[in-house]
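Given next are the chains, with one letter for each unit.
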Amino acid sequence: MENCFGNIAPMKTDADTFRRLTQIPIAIYFGDFIPDAPNGTQGGDQWYMRMKLAQDWVDTVNKHGGKATLVHLPKVGIKGNTHFPFSDLNNAEVAEHPAAWLKEQGLDK
């Protein structure tokens, strides 16, 4: 994806590595202040593109039988986070979400 602030390109991998990614549960987390569309600011456009690419990747993994999910924290009711959501002051609240996700996946043991 390209905008006036630069290009963000997805990484490429071989088929075997991609297939292995479809065999494990994966969660990707994003914090606050990411616009729903390009907004003409460097930060806004860059984070919008990164989250869009992450969602495209999640969709592709799942299309091939994977169990990937993208969590945008404000959409699950956790607000006020930077791009380091596990280091923010509400990190205990943030940590509860992946802990519950791990339990749902049977990976909390």
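Details of the structure are given in the entry above.
Residues numbered from 1 in each chain as written. Predicted model: local features only at pLDDT ≥ 70, side-chain atom pairs only at ≥ 80, totals over all residues. Heavy atoms only, no water.

Caption draft 1: Quick peek at the side chain of asparagine 90. Its place among the elements puts asparagine 90 in the loop between strand S4 (67–72) and helix H3 (91–104). Judged by its relative accessible area of 18%, asparagine 90 falls in the buried class. Those residues in contact with asparagine 90 that sit more than four places away from it in its chain are Ile78, Lys79, Asn81 and Pro85. (Helix = DSSP H or I, 4+ residues; strand = E, 2+ residues; numbered from the N terminus. Buried < 20%, exposed > 50% of the residue type's maximum accessible area, 1.4 Å probe, protein only. Contact = heavy atoms within 4.5 Å.)

Caption draft 2: Just the nonpolar core, in detail. Counting 10 residues, the largest nonpolar core is built from Phe18, Ile26, Phe30, Ile34, Met51, Ala54, Val58, Val61, Ala68 and Leu70. Looking at this core, the elements with two or more residues in it are strand S3 (25–30), helix H2 (42–63) and S4. The element contributing the most residues to this core is H2, with four residues. Not counting residues up to four positions away in its chain, the partners in contact with alanine 54 are Ile28, Phe30 and Leu70. (Core = buried A, V, L, I, M, F, W, Y, C linked by side-chain atoms within 4.5 Å.)

Caption draft 3: Local environment of the environment of leucine 89. As for its placement among the helices and strands, leucine 89 is situated in the loop between S4 and H3. The class of leucine 89 is exposed, set by a relative accessible area of 91%. In this structure, the C-alpha to C-alpha distance between leucine 89 and phenylalanine 33, residues 56 residues apart in sequence, is 16 Å.

Caption draft 4: Seen up close, the pattern of salt bridges. Per the stated rule, a full pass over the model turns up four salt bridges. The salt bridge involving aspartate 16 is made with arginine 19; its shortest N-O contact spans 2.6 Å. Linking aspartate 16 with arginine 19, this pair stays in helix H1 (residues 15–21), spanning three residues, or about one helical turn. Judged by relative accessible area, aspartate 16 falls into the partly exposed class, the value being 38%. In this structure, lysine 52 and aspartate 56 form a salt bridge, with 3.0 Å as the shortest nitrogen-oxygen distance. With lysine 52 and aspartate 56 both in helix H2, this residue pair falls four residues apart, about one helical turn. (Salt bridge = Lys/Arg side-chain N within 4 Å of Asp/Glu carboxyl O.)

Caption draft 5: Spotlight on H2. When the terminal C-alpha atoms of H2 are compared, their 31 Å separation across 22 residues agrees well with the 32 Å that a helix rising 1.5 Å per residue should span. Glycine 65 sits one or two residues past H2 and shows a positive phi near 95°. (Expected span 1.5 Å × (residues − 1).)

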